[in-house]
Amino acid sequence: MTDVSVAKEDAAPTDDLVVLKSVNKHFGALHVLQDIDLTITRGEVVVVIGPSGSGKSTLCRTINRLETIDAGTIAIDGKPLPQEGKALARLRADVGMVFQSFNLFAHKTVLENVMLGQIKVRKTDKKQAEEKARALLDRVGVATQADKYPAQLSGGQQQRVAIARALAMDPKVMLFDEPTSALDPEMINEVLEVMQQLARDGMTMIVVTHEMGFARSAANRVVFMADGRIVEEATPDQFFSNPRSDRAKDFLSKIL
Ligand code: ADP
Ligand code: MG
């Protein structure tokens, strides 16, 4: 794989790249995020795990403002998340997101998928955008698929294109929401390997996943959520060998 170095800011205003303070959110009567305090430092890989419905996806979606919050603050690289407008679009571009369902543009080629945001949001010229797209497709191992349409690719290949597309925006942090959950088992590893490499390259990552092997080998920290709260935070070693809360013990007994 060709190396495409991830753009770093010249001066780092803060090592705390993503800071959530007392974040609360409701869906009607449901208190889906309750007093979430979470700080992710530059280069850190945080794996978020927890039962279905505990608020993991909502947490990810608030961090790039796909969901509003009712109370609290979220800051990315020292800047509070704006509510709307151009400032929001710029800040959102700093937060790459990869979903369970790959969400590629079906009517665009793989190459166009990776070029589009660069041209529209980052205002990169077409030639440069194409060069970068090809290098990123090479980095995730799908360079030969550049001229195909998403439906012509396997799920694992599509998810790797989705990662390349997010990386093309030079995000400061990457959010992954169960990126391998929709994949056939034999394709899970090819996506996890790309994520492992990204982690080794120093990308700051928040990863919601049930892949405990990935959590053990790539995560600096595990955040365990239940019922809209962060119940426990620990290193992967501590968490898996010696979970403190009953909720975490119960959860681990079901999945391990
Ligand atoms: P997880 O990703 O941990 O499974 P989610 O963040 O998707 O959890 O959902 C947390 C809770 O919020 C669930 O009970 C879910 O049904 C509810 N929820 C999620 N999105 C919405 C929405 N747009 N409107 C109403 N309820 C929602
Ligand atoms: Mg979810």
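Quick look at the structure, then.

Analysis parameters
Residues numbered from 1 in each chain as written. Chains lettered and ligands numbered in written order. Predicted model: local features only at pLDDT ≥ 70, side-chain atom pairs only at ≥ 80, totals over all residues. Heavy atoms only, no water. Salt bridge = Lys/Arg side-chain N within 4 Å of Asp/Glu carboxyl O. Helix = DSSP H or I, 4+ residues; strand = E, 2+ residues; numbered from the N terminus. Buried < 20%, exposed > 50% of the residue type's maximum accessible area, 1.4 Å probe, protein only. Axes fitted to C-alpha atoms, helices over the stretch in contact; angles between N-to-C directions. Parallel < 35°, antiparallel > 145°, perpendicular 65-115°, else oblique. Left-handed = near helix turned anticlockwise from the far one by under 90°. Contact = heavy atoms within 4.5 Å. Nonpolar A, V, L, I, M, F, W, Y, C, P; charged D, E, K, R; others polar.

1. Looking at the pattern of salt bridges
Summed over all chains, the structure comprises 16 salt bridges. Between Asp-15 and Arg-42 there is a salt bridge whose closest N-O contact spans 3.9 Å. You can see Asp-15 sitting in the segment before strand 1 (16-27) and its partner Arg-42 sitting in the loop between strand 2 (30-41) and strand 3 (45-49), a full 27 residues away along the chain. With a closest N to O distance of 2.7 Å, Asp-77 and Arg-42 form a salt bridge. You can see Asp-77 sitting in the loop between strand 4 (71-76) and strand 5 (79-80) and its partner Arg-42 sitting in the loop between strand 2 and strand 3, a full 35 residues away along the chain. Residue Asp-77 is classed as buried on the basis of its relative accessible area of 4%. Linked by salt bridges that have partners in common, Asp-15, Arg-42, Asp-77, Asp-94, Arg-122 and Lys-172 make up one network.

2. Regarding the packing of helix 4 (residues 126-139) against helix 5 (residues 155-167)
Remark: helix 4 packs on helix 5, axes separated minimally by 9 Å, with the N-to-C direction vectors making an angle of 135 degrees. With respect to their mutual orientation, helix 4 and helix 5 come out oblique. The crossing of helix 4 and helix 5 is right-handed. The residues of helix 5 that touch helix 4, namely those facing Leu-136, Leu-137 and Arg-139, are Val-161, Ala-164 and Leu-167. A class-by-class count of the residues in the contact of helix 4 with helix 5 yields five nonpolar, no polar and one charged.

3. A short note on helix 2 (residues 85-93)
Among the residues of helix 2, those classed as buried are Leu-88, Leu-91 and Ala-93. In this structure, the buried side of helix 2 is in contact with strand 4, strand 5 and strand 6 (95-98).

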